[in-house]
Amino acid sequence: MPELPEVEWVARTLRPKLVGRRIVGVETSGKKLRQPVERAKLQKLAVGATVDAVARTGKYLLIELSSGATLVSHLGMTGWYLFARPETAREKHTHVVFTLDSGLELRYTDHRRFGILRIYPTPKVKKSPELSILGADPLEAVFTVEYLAAQLKATRRDVKTFLLDQTRIAGVGNIYACEALFLAGISPRKKTSRVDAAKLHAAVQKVLRAGIANRGTSFSDYVDAEGEAGENQNSLHVYGREGQRCRVCSSVIRRLVQGARSTFYCPKCQR
Ligand SMILES: [Zn+2]
């Protein structure tokens, strides 16, 4: 499932071929994503508009249009974007196609259809049901040690489960939560009230920045808009490494289940 670094890398690979281009057509498969795709709204607000910017907040892509509307896109579990020439056969599970004035198509493909693609008037985007509930994006200035400390205090849960709560921190998912806790030396089972906010803050930012620098983590589906897989999977310390040796202390990496999700951790490095 794409997390903040993967979505950031998708944004960066979308920009060169998308910003400044005019959308001349939109097609949809008629299949429902997490919600139905609002075809008539897309036609009205996107067709004829120029793409002014591609931004990201949490795991959402925000494609800002000259029509005064913004496309809000979440990749769900298997969503991805791809630029292609119209004559190239469409991939299976292609659900939305934007035709650009450059002659290229921007295709949204989503095998499991947990993604979101909606369009809102730009002034209303932050108040949309998708974005209004999000906590701070951990790479934006609002995500301070004080903010994190207050969020940790406001709940009584395992810190691992806390990190996945998008209403507190927007963009961290299972991979980067496990990696941040390893880097901070914090047990995933530790209660939020006992966590050192400064240590966790630094670790969250560091693993996300490393993930971006490595163009994201590719385990199964994730590729960027150029079709390239990331390389961060080669740098992970704990995620997906159950039974293997810790790279720091040589203990065996363990797995436990928290909130129906697998947590990977080193029993010696994380206390
Ligand atoms: Zn270790």
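Residues numbered from 1 in each chain as written. Predicted model: local features only at pLDDT ≥ 70, side-chain atom pairs only at ≥ 80, totals over all residues. Heavy atoms only, no water.

Six octahedral donors at a metal ideally form angles of 90 or 180 degrees, and four tetrahedral donors ideally form angles of 109.5 degrees. Around the zinc ion, the protein contributes the donor atoms Cys-246 (SG), Cys-249 (SG), Cys-266 (SG) and Cys-269 (SG), at 2.2 to 2.4 Å from the metal centre. Coordination geometry of the zinc ion: the 4 donor atoms subtend angles of 98 to 113° at the metal centre, consistent with an arrangement described as tetrahedral. For the zinc ion, the donor residues sit on a single chain with the sequence spacing C-x2-C-x16-C-x2-C. (Donors = N, O, S within 2.8 Å, 3.2 Å for Na, K, Ca; no water. Tetrahedral: all angles 85-135°; square planar, octahedral: opposite > 155°, others 65-115°.)

What follows covers the pairing of strand β3 (residues 60-65). Judged by how many residues are buried, β3 sits mostly within the fold: 5 of 6 residues are covered. Judged from the 6 bridges that link them, strand β2 (residues 51-57) and β3 form a sheet pairing that is antiparallel. The residue bridging Ala-53 from the neighbouring strand is Glu-64, located in β3. Connecting β2 to the antiparallel partner β3 that follows it, the hairpin turn spans 2 residues, and Gly-58 within it adopts a positive phi of roughly 55°. Of the pairings in the sheet, the one linking β3 to strand β4 (residues 69-74) comprises 5 bridges and is antiparallel in character. Residue pairing across strands places Ile-63 opposite Leu-71, the latter belonging to β4. (Buried < 20%, exposed > 50% of the residue type's maximum accessible area, 1.4 Å probe, protein only. Helix = DSSP H or I, 4+ residues; strand = E, 2+ residues; numbered from the N terminus. Pairing = 2+ DSSP bridges.)

In this section: the packing of aromatic side chains. Summed over all chains, the structure comprises 3 aromatic pairs. Measuring from centroid to centroid gives 5.1 Å for Tyr-81 and Tyr-108, while their planes differ by 50°, and the two rings are tilted. On the criterion of sequence distance, the pair formed by Tyr-81 in strand β5 (residues 79-84) and Tyr-108 in strand β7 (residues 105-110) is long-range, its members being 27 residues apart. (Phe/Tyr/Trp six-rings, centres within 6.5 Å; stacked < 30°, edge-to-face > 60°.)

At their nearest, the axes of helix α5 (residues 174-184) and helix α6 (residues 197-213) sit 8 Å apart, and the two run at 125° to each other. The angle between α5 and α6 places the two elements in the oblique class. In the packing of α5 onto α6, the handedness of the crossing is right-handed. For the pair α5 and α6, the contacting residues are Tyr-176, Glu-179, Ala-180, Leu-181, Leu-183 and Ala-184 in the first and Lys-199, Leu-200, Ala-203, Val-204, Lys-206, Val-207, Leu-208 and Gly-211 in the second. (Axes fitted to C-alpha atoms, helices over the stretch in contact; angles between N-to-C directions. Parallel < 35°, antiparallel > 145°, perpendicular 65-115°, else oblique. Left-handed = near helix turned anticlockwise from the far one by under 90°. Contact = heavy atoms within 4.5 Å.)

Counting 68 residues, the largest nonpolar core has Leu-14, Leu-18, Leu-65, Tyr-81, Leu-163 and Leu-200 as the members making the most contacts within it. Among the elements that line this core, the one with the most residues is α5, at 8 residues. For Leu-200, the contacting residues outside a window of four places in its chain are Leu-148, Leu-152, Val-159, Leu-163, Leu-181, Ala-184, Ile-186 and Val-195. Core analysis: the next-biggest nonpolar cluster, separate from the first, contains 9 residues, Tyr-120, Val-125, Leu-131 and Ala-170 among them. (Core = buried A, V, L, I, M, F, W, Y, C linked by side-chain atoms within 4.5 Å.)

Let us now look at the environment of Thr-50. When you line up the elements, Thr-50 lands in the loop between α2 (39-46) and β2. In this structure Thr-50 comes out as partly exposed when scored by relative accessible area, which is 24%. In the structure, Thr-50 is positioned 68 residues away from Arg-118 in sequence and 17 Å away in space, judged by C-alpha atoms. Excluding anything up to four places from it in sequence, Thr-50 contacts Gly-20, Arg-21, Arg-22, Glu-64, Leu-65 and Ser-66.

Moving on: empty space enclosed by the protein. This structure, assessed with the given rule, holds 1 cavity of 30 Å³ or more. Volume-wise, the largest cavity comes out at about 40 Å³. For the lining of the largest cavity, the residue count by class is 9 nonpolar, no polar and no charged. (1 Å grid on protein atoms, 1.4 Å probe; cavity = no way out; pocket = protein on both sides within 12 Å on 5 of 7 lines; lining within 4 Å. Points joined across faces, edges and corners; volume = space filled by probe spheres on them. Nonpolar A, V, L, I, M, F, W, Y, C, P; charged D, E, K, R; others polar.)

Approximately 350 Å³ is the volume found for the largest pocket. Contributing elements (two or more residues each) for the lining of the largest pocket: β5 and α5. Among the residues making up the lining of the largest pocket, the classes are represented as 9 nonpolar, 6 polar and 5 charged.

Glancing now at the sheet that holds strand β8 (residues 116-121). Spatially, β2-β3-β4-β8 is the arrangement adopted by the 4 strands of the open sheet, whose pairing is antiparallel. Strand pairing shows two members of the sheet lacking a second neighbour, β2 and β8, which therefore form its edges. Direction aside, neighbouring strands of the sheet carry axes that sit 20° apart on average. Lying over the sheet, helix α1 (residues 4-18) contacts β2 and β3, oriented at roughly 170° with respect to β2. Sitting on the sheet, α2 is in contact with β3, β4 and β8, with an inclination near 50° to β8.

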